[in-house]
Amino acid sequence: LMMRIYRPVDWKEDDNRPAVVFFFGGGWKAGTPDQFDAHCRRLSELGMVAMAAEYRVSSKHDSTPLDSFEDAKAAIRWVRENADIFGINPERIAAAGGSAGGHLAAAVSCCRSAIETETRDTPDAIVGYNPALNLLVPQVEKSWGADVYSQLETISPLQNLDVSLPPMLLFHGEADQTIPIASIREFVAKAKEIGVVPAPVLVSYPGKDHGFFNVNRGEGVDYEDTMTRTISFFRELGWIK
């Protein structure tokens, strides 16, 4: 599996830059890192080392969401283990993604890997674009079957949420029929209830459906808005100037 790496133009190996790892969407069945090429280029222009990770999908690897999750965990570990090679601050690694990739970005923080290593495999910030935060829903069981579905609680962010959740920014369309915004609101409410600080921030978009944020949708208007807010999020964290 490959990792695309977008370095700032003034990058040096001995830098100490923040990084972000993007995970593409596609229902854990398809997709490509191409989805977040524009996002990575934009953030690298602002000084971050941006990355877009490959992970196993069923159409290519006969895999399940559990395999995709372990690949996402491995990606975070790999970036942290090689931080000095890529000029990265190992305490400033964000995970980001859309839909199934948004699930992975959240799950690497909330859920435990089956692989025990000394390297921390959780991110220091999360950005989710219409992410799947609750996998225990009928449409997931219908898509993957009862056997796989019975194992998914271990990688479902809502069911594994605790107070260690890092700063998190969420974007979601209020007309999303694939992942209803109610599931995102439930996640945010639970985070507040158990005392997550800072609480996740949800930015909702009236009338917008699944995938509205992509650069090739709606003349890029929503891409631009979500990208501007993503940049502001990292500025507020002090990761970029």
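Here the structure is shown first, and the text comes after it.
Regarding the pattern of salt bridges
Evaluation of the coordinates by the stated rule reveals 17 salt bridges. In this structure, Arg42 engages Glu224 in a salt bridge whose closest nitrogen and oxygen atoms are separated by 2.5 Å. Within this pair, whereas Arg42 is found in helix α1 (residues 37-45), its partner Glu224 is found in helix α8 (residues 221-236), the two being separated by 182 residues in sequence. Residue Arg42 is classed as partly exposed on the basis of its relative accessible area, which comes to 22%. Across the pair Asp121 and Arg77 runs a salt bridge whose closest N-O atoms are separated by 3.6 Å. In this pair, Asp121 sits in the loop between α4 (100-110) and β5 (125-129) while Arg77 sits in helix α3 (residues 65-81), placing the two residues 44 residues apart along the sequence. For the pair Asp121 and Arg77, a shared accessibility class is recorded, and that class is buried. Within this structure, Asp10, Lys12, Asp15 and Arg17 form a network of salt bridges that share partners.

Points about the packing of α1 against α8
Closest axis-to-axis distance for the α1/α8 pair is 11 Å, and the angle between their directions is 40°. The angle between α1 and α8 places the two elements in the oblique class. In the crossing of α1 with α8, the sense of the turn from one axis to the other is right-handed. Taking contact as the criterion, the partners of Ala38, His39, Arg42 and Leu43 in α1 are, on α8, Tyr223, Glu224, Met227, Thr228, Ile231 and Phe234.

Quick word on the side chain of Ser63
You can see Ser63 is positioned in the loop between α2 (58-61) and α3. Only 3.2 Å separates the side chain of Ser63 from the backbone nitrogen of Ser58, close enough to count as a polar contact. When neighbours within four sequence positions are excluded, Ser63 is seen to be in contact with Arg56, Val57, Ser58 and Trp144.

Analysis parameters
- Residues numbered from 1 in each chain as written.
- Predicted model: local features only at pLDDT ≥ 70, side-chain atom pairs only at ≥ 80, totals over all residues.
- Heavy atoms only, no water.
- Salt bridge = Lys/Arg side-chain N within 4 Å of Asp/Glu carboxyl O.
- Helix = DSSP H or I, 4+ residues; strand = E, 2+ residues; numbered from the N terminus.
- Buried < 20%, exposed > 50% of the residue type's maximum accessible area, 1.4 Å probe, protein only.
- Axes fitted to C-alpha atoms, helices over the stretch in contact; angles between N-to-C directions.
- Parallel < 35°, antiparallel > 145°, perpendicular 65-115°, else oblique.
- Left-handed = near helix turned anticlockwise from the far one by under 90°.
- Contact = heavy atoms within 4.5 Å.
- Polar contact = N/O pair within 3.5 Å; in protein donor to acceptor, adjacent residues only side chain to side chain.

The values reported here are purely geometric and, on their own, carry no functional implication.
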